[in-house]
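Geometric and topological summary
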Amino acid sequence: MASDFSQATNNVPVVPTASGKGFVPPQINCVEDTGLGMLWLQDLALKIFYFQGFLTGSKVAELMALPFSGTVDQLLEGLKREKMIEVRSSQMGLGEAAYLYAITGAGIIRAREALERSQYAGPAPVPLEVYNDSVRRQSRGRVQVTQRHMRQILGDLTFSEKTFHRLGPAVNSGTSIFIFGPPGNGKTSVARAIGNLVLTQTMYIPFAIYVDGQVITVFDNVNHQLAPEEESTTTPGRGGLRKDARWVRIRRPFIMVGGELTLSGLDLVFDDTLKFYEAPFQVKANGGILLIDDFGRQQVRPRDLLNRWIVPLENRIDYLSLHTGRKIEVPFDVLVMFSTNLPPKDLVDEAFLRRLRHKIEIGDPTYDEYRAIFKRVAASKGVQYSDEGLAYLLQEWYIKPQRKMRASHPRDLCDQIVDIARYQGVEPSMTKELLDQAAESYFVEL
């Protein structure tokens, strides 16, 4: 069993998956449509003024991700009446959205009081219950792939048929996959190829969530990839805003974490200075895939990590803690993939493995699989392939020293051959001399 670790699966064709079109953020026409209180929104506007200085009404609306007409104009009118802001200049004939506003001394005092509670000053958040409903309505459900789709997805990888036919049902389960085996055989490549599957679909997530006066940021431009809006899902709204701009359309997330993962990273992260939260990895991965790479090499025990996953994996619901002690409930719509080089028996016991739906071993390649991988890699890297050269390599550098073959070796050895050939000014090929030099500089006896 093996995979070709040499090539990334970057151009995965679109395959039928569950659609996220069950939810489109509705247009906002008034303050009540935001689900947030007038006073809270006014405080948010004042914090934006405090940081930004002079702003037009339309710019305030843009920064708050709310329409001006019917919403932001009402907020500004109330702040003007309370003498928290004032109009510094107006453009006659262009409407109130073009007025230039400035914060007053009274407004600065109130803004500072609001900043002591939270320094969040970005797009208006959406209520927790609205976010939870959006996740359920955009649920991946059962991602249905067939053998044909899987061969397209894993087209650049080489496996035994047994391993291949176990991956498809695992993807369709939409729950959890435990991938194990020796290093260098493509476990991460498999995960990335499956991750490319979800990237063909899109969904909406909010910039931030509101719960009990607290803000939890969700959108992460490192882990989330923006997707273009569809014209069919945007309708002209009042004030020129097409839809609820508090939401952003992304490709379904594929998030990978490794040895840096900690238990605290799986709960809400509260910034003591800024006084708002950042959503944990599994919330950012809702609707997509969370890959825990190098499982077992984290700074916490594997048993503790798996204990943290028991309830979400079984009930598809996760519970997060606010610093006030309150627990909040969020959907757990994530395909969790664990990838490890360590023997499963050294990580978890049978009871824990039972909770991981699909266990798939990706082992060392057979001789035929190794040859197929080497031939493909050599062609892609411009190395002249030779069956005689491969036979020599296998005999001298694998069979005699009793070295195990890895699916990553062909890629690395071909890279060595190319480097050496360039230095010597010869064509890269699988001659005995180049193979010996490549192997000598690559293999290390442990």
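Provided above is the structure to which this section pertains.
These numbers come from a predicted model, not from an experiment.

On to the overall build of the chain, then. Each helix and strand in the chain was counted, giving 15 helices and 17 strands. For the chain, the spread of C-alpha atoms along the principal axes amounts to about 90 × 55 × 40 Å. Relative to its full complement of 446 residues, the chain shows a buried share of 53%. For the chain, long-range pairs separated by at least 24 residues make up 76% of all intrachain contacts whose partners lie at least 6 apart in sequence. When the accessible area of the chain is evaluated, it comes to approximately 20,400 Å², of which 50% is carbon and sulfur surface. On the chain, the mean spot of the 52 positive side-chain charges and the mean spot of the 52 negative ones are 3 Å from each other.

This part covers the packing of helix α13 (residues 387-399) against helix α15 (residues 432-442). Contact pair α13 / α15: the axes reach a minimum separation of 10 Å and the direction vectors enclose 40 degrees. In terms of orientation, α13 lies oblique with respect to α15. The chirality of how α13 crosses α15 is right-handed. On α15, the residues that touch G389, Y392, L393 and W397 of α13 are K432, L435, D436, A439 and E440. Taken together, the residues of the contact of α13 with α15 break down into 5 nonpolar, 1 polar and 3 charged.

We now examine the packing of aromatic side chains. Scanning the model with the defined rule gives 16 aromatic pairs in all. Taking 6.4 Å as the distance between ring centres and 45 degrees as the angle between the ring planes, the aromatic pair formed by Y99 and Y101 counts as tilted. On the basis of relative accessible area, Y99 is assigned to the partly exposed category, the value being 21%. Counting every residue linked through ring pairs, the aromatic cluster contains Y370, F374, W397, Y398, Y442 and F443. Taking the ring centre of F164 as reference, the NZ or CZ of R151 above it sits at 4.3 Å. Note that R403 overlies the ring of F443, its terminal NZ or CZ placed 4.1 Å from the centroid.

This next bit is on helix α10 (residues 302-315). Here α10 is 14 residues long and its end C-alpha atoms lie 21 Å apart, about the 20 Å a rise of 1.5 Å per residue gives. At W309, α10 shows its largest kink, close to 40 degrees, and the proline P312 lies no more than four residues downstream. For α10, every residue scored as buried is listed here: P302, L305, L306, R308, W309, I310, P312 and L313. Residues of α10 that are buried make contact with β5 (176-180), α9 (281-284), β13 (289-292), β14 (317-321), β16 (335-340) and α11 (350-355). R316, located one to two residues past α10, shows a positive phi value of around 60 degrees.

What follows covers the sheet that holds strand β10 (residues 254-257). Read from one edge of the open sheet, 5 strands run β10-β13-β16-β5-β17, paired in parallel fashion. Each having just a single partner strand, β10 and β17 (358-361) make up the two edges of the open sheet. Direction aside, neighbouring strands of the sheet carry axes that sit 15 degrees apart on average. Note: β5 against β17, 4 bridges, orientation parallel. Paired with F178 across the strands is K359, a residue of β17. Docked against the sheet, helix α8 (residues 187-198) engages β5, β10, β13 and β16, running at close to 155 degrees with respect to β10. Its contacts with the sheet place α10 against β5, β13 and β16, and it is angled at close to 150 degrees to β16.

Bringing unusual backbone geometry into the picture now. For D212, which is not a glycine, the phi torsion comes out positive at approximately 50 degrees. Turning to its location among the elements, D212 is positioned in the loop between β7 (208-211) and β8 (214-217).

A separate point is the nonpolar core. With 30 residues, the main nonpolar core has L41, F49, M64 and L76 as its most contacted residues. Counting residues per element, the ones that place at least two in this core are α1 (38-52), α2 (57-64), α3 (68-81) and β3 (100-103). Leave out the neighbours within four places in its chain, and L76 touches F49, G57, V60, F68, I85 and Y101.

Turning our attention to the pattern of salt bridges. Evaluation of the coordinates by the stated rule reveals 21 salt bridges. Two residues, K59 and E62, come together in a salt bridge whose shortest N-O distance is 3.4 Å. Here K59 pairs with E62, and both are found in helix α2, just 3 residues apart, close to one helical turn. Looking at K59, the relative accessible area reads 32%, which means it is partly exposed. Its relative accessible area of 54% is what places E62 among the exposed residues. Ionic pairing is found between R88 and E86, a salt bridge with its closest N-O pair at 2.9 Å.

Rules behind the numbers
- Residues numbered from 1 in each chain as written.
- Predicted model: local features only at pLDDT ≥ 70, side-chain atom pairs only at ≥ 80, totals over all residues.
- Heavy atoms only, no water.
- Helix = DSSP H or I, 4+ residues; strand = E, 2+ residues; numbered from the N terminus.
- Buried < 20%, exposed > 50% of the residue type's maximum accessible area, 1.4 Å probe, protein only.
- Contact = heavy atoms within 4.5 Å.
- Areas by Shrake-Rupley, 256 points an atom, 1.4 Å probe, with all protein chains shown as cover.
- Lys, Arg positive; Asp, Glu negative; His and termini not counted.
- Charge placed at Lys NZ, Arg CZ, Asp CG, Glu CD.
- Axes fitted to C-alpha atoms, helices over the stretch in contact; angles between N-to-C directions.
- Parallel < 35°, antiparallel > 145°, perpendicular 65-115°, else oblique.
- Left-handed = near helix turned anticlockwise from the far one by under 90°.
- Nonpolar A, V, L, I, M, F, W, Y, C, P; charged D, E, K, R; others polar.
- Phe/Tyr/Trp six-rings, centres within 6.5 Å; stacked < 30°, edge-to-face > 60°.
- Lys NZ or Arg CZ within 6 Å of the ring centre and 35° of its normal.
- Expected span 1.5 Å × (residues − 1).
- Bend = angle between axes of the 7 residues up to and from the residue.
- Pairing = 2+ DSSP bridges.
- Core = buried A, V, L, I, M, F, W, Y, C linked by side-chain atoms within 4.5 Å.
- Salt bridge = Lys/Arg side-chain N within 4 Å of Asp/Glu carboxyl O.

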